[in-house]
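Residue-level listing of the chains:
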Amino acid sequence: FAQTVPAYHQYLPAMFAIKDAKKDKAQSEGVRRVKGWLEDLLPDDEKEEEDGGTAADGEETTIIVNQLACKEAGCPDVEVVMTLLRAKPRPKL
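Because the structure is predicted, anything quoted here is derived from the model rather than measured.

1. A look at the overall build of the protein chain
Within the protein chain, the regular secondary structure consists of two helices and two strands. For the protein chain, the sequential pattern of α-helices and β-strands runs α-α-β-β. Considering only intrachain contacts with a sequence separation of at least 6, the fraction spanning at least 24 residues in the protein chain is 28%. Surface exposure of the protein chain reaches about 8,400 Å², of which carbon and sulfur atoms provide 55%.

2. Digging into the pattern of salt bridges
Counted by the stated rule, this structure contains two salt bridges. Among the salt bridges present, the one from K47 reaches D44, with a minimum N-O distance of 3.8 Å. A residue is classified by how much of its surface remains accessible, and K47, at 15% relative accessible area, is buried. Relative accessible area serves as the criterion here: at 42%, D44 is assigned to the partly exposed category.

3. Describing the nonpolar core
Judged by nonpolar contacts, V31, V34, L38, L42, I63 and V65 together constitute the single largest core of six residues. Among the elements of the structure, α2 (21-41) and β1 (62-69) are those that each provide at least two residues to this core. No other element matches α2, which puts three residues into this core.

The rules behind these values
- Position labels on residues start from 1 in each chain and follow its written sequence.
- Residue-level local features of this predicted model are given only where pLDDT is at least 70; pairs of side-chain atoms are given and counted only at 80 or more, and the full residue set underlies all totals for whole chains, interfaces and linings.
- Note: side-chain values were computed over all heavy atoms of the structure, leaving out hydrogens and water.
- Helical segments are the DSSP runs of H or I of at least four residues, strand segments are the runs of E of at least two, and each set is numbered from the N terminus.
- Only heavy atoms matter for contacts: two residues are in contact if any of them lie within 4.5 Å across the pair.
- Computed with the Shrake-Rupley method and a 1.4 Å probe, the accessible areas treat only the protein chains shown as cover for residues.
- In the sections that follow, a salt bridge refers to a side-chain nitrogen of Lys or Arg positioned within 4 Å of a carboxyl oxygen of Asp or Glu.
- Note on classification: 1.4 Å probe, protein chains only; a residue is buried when its accessible area is under 20% of the maximum for its type, exposed when over 50%, partly exposed between these limits.
- Residues enter a nonpolar core if they are buried and are Ala, Val, Leu, Ile, Met, Phe, Trp, Tyr or Cys, with the set joined through side-chain atoms within 4.5 Å.

What follows is the structure, given as structure tokens:
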């Protein structure tokens, strides 16, 4: 009996690669630093009260920062993706 290997099998080693703790720590610190810069740039009325802002509950801006490995030609090894999720204005009734 010939056993066939699923097509995704070739990607399993990359998915479960051994992590480099020092590299992971540096990446986490970099992401935290960029997020801090963005938080500092927000106006007070978009910052959470615990961060020194005046935004009411549900009115604060959420900041998401991710570092992604880029495998495309001509792309830097690492990309930083920054997302600002602002509170939606409430509809007027």
